[in-house]
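Each chain, written out:
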Amino acid sequence: MQMLKDKIIKEGQVLSESVLKVDSFLNHQIDPPLMQAVGKEFAERFKEAGITKILSIESSGIAPAMMAGLVLEVPVIFARKRKSLTLVDHLYTASVYSFTKNETNDISVSKDFLKQEDTVLIIDDFLANGQAVLGLLDIIKQADANLAGVGIVIEKGFQKGGQLIREQGIRVESLANIASLKNGQVEFVEEARTE
Ligand code: 5GP
């Protein structure tokens with residue numbers, strides 16, 4: 001997606017060979033027109049998949065998930081990283097290890113919002129080692145719901161998450177796929193992979 005790639009080149013900060021900071025449009029400040037375009041693109045790619053729910057994870061997955069949900073006209077659920085006082089029982093839970101933060105979070109989704117008859121599209125901001133997506137897949141499995149696929153705003157193709165998930169026969173659509181962050185430069189994989 002060219003608009004997204006242009007934004008990454010213009011505003012993305014390469015913090016190391018493995019971490020890209022995009023706080024100006026996705027992870028802190030949010031660019032609504034860009035997120036709207038991202039949502040439209042996900043909706044277009046998955047329009048034939050019969051999606052009934054979008055599942056994301058707080059907090060940075062919510063903006064792109066919301067915009068896709070608006071176009072597809074389906075509810076958006078976000079997995080919570082901490083159990084809230086009003087959300088204690090009746091939950092699907094999974095453990096997610098974050099390499100960037102070096103911590104494990106239990107994520108949870110209320111059983112009220114994910115049902116066996118749902119067809120779910122997972123949306124998240126980044127795909128790195130795949131732990132967040134694996135946690136969301138686990139929750140969908142617990143609900144015995146159907147999976148349509150995974151939509152990722154920025155995949156880091158040089159890390160193992162994309163392969164790990166595609167190997168399971170799961171469709172992963174990333175709107176920008178980064179091949180390398182070496183020498184402070186962002187290099188993209190030529191074509192966003194579609195499987
Ligand atoms: P994974 O579980 O695939 O290893 O990592 C997914 C999560 O880690 C994303 O939802 C994102 O919050 C965070 N993350 C991983 N790599 C990066 C990165 O290079 N930049 C930013 N901003 N977040 C990242």
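Preceding this paragraph is the structure being described.
Residues numbered from 1 in each chain as written. Predicted model: local features only at pLDDT ≥ 70, side-chain atom pairs only at ≥ 80, totals over all residues. Heavy atoms only, no water.

Q: Explain the site of the ligand to me, using residue names and the numbers behind them.
A: Every one of the 15 residues lining the ligand counts as a neighbour, but L20, D125, N129, G130 and K156 are closest to it. In this structure, a nitrogen atom belonging to the ligand sits 2.6 Å away from a main-chain N or O atom of L20. Here a nitrogen atom of the ligand and a side-chain polar atom of N27 are 2.8 Å apart. Where the shell around the ligand is concerned, the elements lending two or more residues are strand 7 (119-127) and helix 5 (131-143). For the shell around the ligand, the element with the most residues is strand 7, which contributes four residues. A class-by-class count of the residues in the shell around the ligand yields six nonpolar, six polar and three charged. (Near = heavy atom within 4 Å. Polar contact = N/O pair within 3.5 Å; in protein donor to acceptor, adjacent residues only side chain to side chain. Helix = DSSP H or I, 4+ residues; strand = E, 2+ residues; numbered from the N terminus. Nonpolar A, V, L, I, M, F, W, Y, C, P; charged D, E, K, R; others polar.)

Q: Explain the packing of aromatic side chains residue by residue, including any values.
A: Considering all chains together, one arrives at zero aromatic pairs under this definition. A cation sits over an aromatic face here: K5 above F188, 5.4 Å from the ring centre. (Phe/Tyr/Trp six-rings, centres within 6.5 Å; stacked < 30°, edge-to-face > 60°. Lys NZ or Arg CZ within 6 Å of the ring centre and 35° of its normal.)

Q: If you had to explain the sheet that holds strand 3 (residues 53-57) to someone new, which residues and values would you point to?
A: With respect to topology, six strands assemble into an open sheet ordered 4-3-7-8-9-10, the strand pairing being mixed. With partners counted over all chains shown, the strands left at the sheet margins are strand 4 (76-79) and strand 10 (187-188), one partner each. Of the pairings in the sheet, the one linking strand 7 to strand 8 (residues 146-156) comprises eight bridges and is parallel in character. The residue of strand 8 that forms the bridge with L121 is G149. Contacts between helix 1 (residues 2-11) and the sheet are confined to strand 8, strand 9 (172-180) and strand 10, with strand 9 contributing the most and set at about 35° to the helix. The strands that helix 5 touches are strand 3, strand 4, strand 7 and strand 8; relative to strand 7, the one it contacts most, it runs at about 165°. (Pairing = 2+ DSSP bridges. Contact = heavy atoms within 4.5 Å. Axes fitted to C-alpha atoms, helices over the stretch in contact; angles between N-to-C directions.)

Q: Let's hear about unusual backbone geometry: which residues, and what values?
A: Residue S59 is bonded to the preceding E58 through a cis peptide linkage, with omega at -5°. One can find S59 in the loop between strand 3 and helix 4 (62-72). If you check the backbone angles, D144 has positive phi at about 60° while not being a glycine. As for its position among the elements, D144 is in the loop between helix 5 and strand 8. Of note in the backbone geometry, N183 takes a positive phi value of approximately 55° without being a glycine. Following the sequence through the fold, N183 ends up in the loop between strand 9 and strand 10.

Q: Run through the pattern of salt bridges, naming residues and quoting values.
A: All told, the structure shown has eight salt bridges when counted by the stated rule. R45 is the salt-bridge partner of E41, the closest N and O atoms lying 2.8 Å from each other. Residue E41 and its partner R45 are both found in helix 3 (residues 32-45); the two are separated by four residues, about one turn of the helix. Taking the shortest distance from any N to any O, the salt bridge between K47 and E44 comes out at 2.7 Å. On the accessibility criterion, K47 (47% relative accessible area) is partly exposed. (Salt bridge = Lys/Arg side-chain N within 4 Å of Asp/Glu carboxyl O. Buried < 20%, exposed > 50% of the residue type's maximum accessible area, 1.4 Å probe, protein only.)

Q: Which residues make up the pairing of strand 7, and what values do they have?
A: For strand 7, the buried fraction is high: nine of the nine residues fall into the buried class. Between strand 7 and its parallel partner strand 8, the chain crosses via helix 5, and the hand of that crossover is right-handed. (Right-handed = clockwise from strand over helix to strand, strands pointing away.)

Q: Lay out helix 4 in plain terms, naming residues and giving numbers.
A: Since one α-helical turn is 3.6 residues long, residues separated by three or four positions face the same way. Of the residues making up helix 4, those classed as buried are A63, P64, A65, A68 and G69. In this structure, the buried residues of helix 4 make contact with helix 2 (23-27), helix 3, strand 3, strand 4, strand 7 and strand 8. Phi turns positive one or two residues past the end of helix 4, at E73, with a value near 60°.

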